[in-house]
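A closer look at the structure
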Amino acid sequence: MKSAKRRQFLMQSGILSAAAVIPSWQKKGFPPRSSNQQIPAILGGKSTIKAENWVKWPIWDKENDEKILLEVMRSGVWSRAQTVNLFEKEWAKTIGTSRCLTVVNGTQALTVAINQAHLGPGDEILVTPYTFVASIQAILANGCIPVFVDINPETFQMDTLKVEAKISKRTKAILAVHILGLPCDMVHLLEIAKKHQLIVIEDACQAPLAEINHQQIGSFGLAGCFSFQNSKNIAIGEGGAIVSNDHGFMDRCYSFHNLGLPFGIATGSINSGSFMQGTKVRFTEYQAAIGLAQLARLESQTQVRNERAAYLSSLLKNIPGILPYQLYPSVTRAAFHLFPFRYNPSEFKGLSRAHFLQALQAEGVPCSGGYTALNTQVFIQEAFESKHFKKLYTEEELTYSTYMNQNQCPLNDQLCQEAVWFTQNLLLGSKEDMDLIFQSIQKIHREAESIKKKLQP
Ligand SMILES: *Cc1c(COP(=O)(O)O)cnc(C)c1O
């Protein structure tokens, strides 16, 4: 696509904010390639990429987004009402479920869903160790025990071949995380869940609009949980949602999220009476207004992310030592909250990942090493040693050293050392931007020896 035409397309699809300016050389085509640009920036060469190259996140389009938000602000109705109802209707429609309930964030979406699936003390929940800490905190918050199933390093997801060995008498559920916005091996997981009568809850916080066999992620299990935190593909600052086709479950989730009041009652119904135990984690009208503005862009952005990710991955796989993600054959679409690959230092003359990241950042490509291993972090031990857990479990059940031995995930430990991530906003760039990422890594590969000499003398 020609730059001018492409810009028009992005404007129409709402991908570019008015503030995101295309650098002048992009209008002409390729950047000038002076010999100085052949030298890695970390060694004093000139980087080809500027910070303005990347789409600024979150996107806010003054012209189109502010009307609905201002209406809400000026109405003075800020607690849950019609705008939240509308957003929930739209989100259920988007995911293809009959119901949606918004909550304050993705962590609470998971916590409420686990709670109302009647999972609690004594129950084990199978989960990947390669996830955001919130997945595990939601399990612990309900007094359940997370049981870690090691990952498949090629897909970055839970290895379903290792699931059955982890099932015990106490296993009650699988938290199916679609980490990085890449669908997990859901087809296989559902078979296992059916065979062992396990509840499936999807952590789809990073995977809105991803699909398996043309069915939306989040619509497979009892419940699908989403996050609208600022970095997520739908950015509201904070926010979350539970989707489901189970009306009884959703009625209870609604009541639980609103102090145990009956379904449908929101605010100003002081006399209606609570019929069950609950908490209060309601979404606000202004969050819903921002959400509706962001939702208008999600489909076209997801399309672009998929195209750019496929293109970038087709380039990067040609560089020795760069191993891009793989998708399961059943995946018809991913969400690409992140673009991941594995980095092998031995193909880069022993240049460490930390120094590779440093060199790539110097080129102007924002990148990170992603998650550190979760299953060995101190918060799980702290939960096991808490007064609360000691009332729920026997001493034997809480022997942390035994738990640790049973929950080792060596492939995940390795993945945490090897992974490199690009955030989703990079994938909203042009095809030429993907070329620039590729060329930067090529340059580092070519000059790996010199970079290593400089950074690890
Ligand atoms: C972001 C995220 C959450 C939690 O969502 P918040 O809105 O930040 O509370 C849970 N799980 C995963 C995989 C996430 O990425």
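Residues numbered from 1 in each chain as written. Predicted model: local features only at pLDDT ≥ 70, side-chain atom pairs only at ≥ 80, totals over all residues. Heavy atoms only, no water.

Under an unreviewed UniProt entry, the name given to the protein chain is DegT/DnrJ/EryC1/StrS family aminotransferase, and the source organism is Aquirufa aurantiipilula. The record in UniProt for the protein chain states the following under Sequence similarities (unreviewed entry): "Belongs to the DegT/DnrJ/EryC1 family." (UniProt positions renumbered as here; feature names shortened; annotations may be inferred.)

On to the sheet that holds strand 15 (residues 419-423). Across the sheet, which stays open at both edges, the three strands sit in the order 12-14-15 with antiparallel pairing between neighbours. Every other strand in the sheet has two partners, leaving strand 12 (322-324) and strand 15 as the edge strands with one partner each. Pairwise comparison of adjacent strand axes, ignoring direction, gives a mean angle of 30° for this sheet. Taken together, the three bridges between strand 12 and strand 14 (residues 338-343) define a ladder with antiparallel strand orientation. Following the sheet pairing, isoleucine 322 is matched in strand 14 by tyrosine 343. Contacting strand 12, strand 14 and strand 15, helix 9 (residues 285-316) crosses the sheet at an angle of about 10° to strand 14. (Pairing = 2+ DSSP bridges. Helix = DSSP H or I, 4+ residues; strand = E, 2+ residues; numbered from the N terminus. Axes fitted to C-alpha atoms, helices over the stretch in contact; angles between N-to-C directions. Contact = heavy atoms within 4.5 Å.)

Before going further, it helps to spend a moment on the pairing of strand 2 (residues 124-127). Here strand 2 shows no split at all, with Glu124 and Leu126 on one side and Ile125 and Val127 on the other all buried. Looking at chain direction, strand 2 and strand 3 (residues 145-148) are connected through four bridges and run parallel. Residue pairing in the sheet places glutamate 124 in a bridge with isoleucine 145 of strand 3. Note that the unit made of strand 2, helix 6 (residues 133-141) and strand 3 has a crossover that is right-handed. (Buried < 20%, exposed > 50% of the residue type's maximum accessible area, 1.4 Å probe, protein only. Right-handed = clockwise from strand over helix to strand, strands pointing away.)

Another aspect to go through is the pairing of strand 11 (residues 240-244). Residues in a regular strand point their side chains to alternate faces of the sheet. Burial analysis of strand 11 places five of its five residues in the buried class, which makes it a mostly covered element. The alternating pattern of strand 11 places Gly240, Ile242 and Ser244 on one face and Ala241 and Val243 on the opposite face, and all of these are buried. Here strand 1 (residues 99-103) runs beside strand 11; their pairing, made up of five bridges, is antiparallel. Residue pairing in the sheet places leucine 101 in a bridge with isoleucine 242 of strand 11. Judged from the four bridges that link them, strand 10 (residues 223-227) and strand 11 form a sheet pairing that is antiparallel. Along strand 11, the bridge assignment pairs phenylalanine 226 with alanine 241.

Checked against the element boundaries, arginine 80 lands in the loop between helix 3 (62-75) and helix 4 (82-95). Side chain to side chain, arginine 80 and asparagine 85 meet in a polar contact 3.0 Å long. Within the structure, arginine 80 has its side chain in polar contact with the side chain of glutamate 88 (distance 2.8 Å). (Polar contact = N/O pair within 3.5 Å; in protein donor to acceptor, adjacent residues only side chain to side chain.)

Nonpolar side chains collect at one region of the surface, where Met73, Trp78 and Tyr286 lie side by side and expose about 280 Å² of accessible area between them. With respect to the helices and strands, methionine 73 occurs in helix 3. Given the relative accessible area of 32%, methionine 73 is considered partly exposed. (Patch = residues over 30% accessible without salt bridge, like charges linked within 9 Å, V, L, I, M, F, W, Y side chains within 5 Å. Areas by Shrake-Rupley, 256 points an atom, 1.4 Å probe, with all protein chains shown as cover. Salt bridge = Lys/Arg side-chain N within 4 Å of Asp/Glu carboxyl O.)

Okay, the environment of threonine 155 next. Relative to the helices and strands, threonine 155 is located in the loop between strand 4 (151-152) and strand 5 (157-158). Taking the C-alpha atoms as reference, threonine 155 lies 9.0 Å from proline 183; in sequence the two are 28 residues apart. Within the structure, threonine 155 has its side chain in polar contact with the side chain of tyrosine 328 (distance 2.9 Å).

Before going further, it helps to examine the site of the ligand. Contacts to the ligand come from 16 residues, most closely from Gly106, Thr107, Gln206, Ser227 and Lys232. At a separation of 2.9 Å, an oxygen atom of the ligand approaches a polar side-chain atom of lysine 232. Relative to its unbound accessible surface of 380 Å², the ligand loses 94% to contact with the protein. The dominant element in the shell around the ligand, judged by the number of residues it contributes, is helix 5 (residues 106-116), at three residues. In the shell around the ligand, the residues fall into five nonpolar, nine polar and two charged. (Near = heavy atom within 4 Å. Nonpolar A, V, L, I, M, F, W, Y, C, P; charged D, E, K, R; others polar.)

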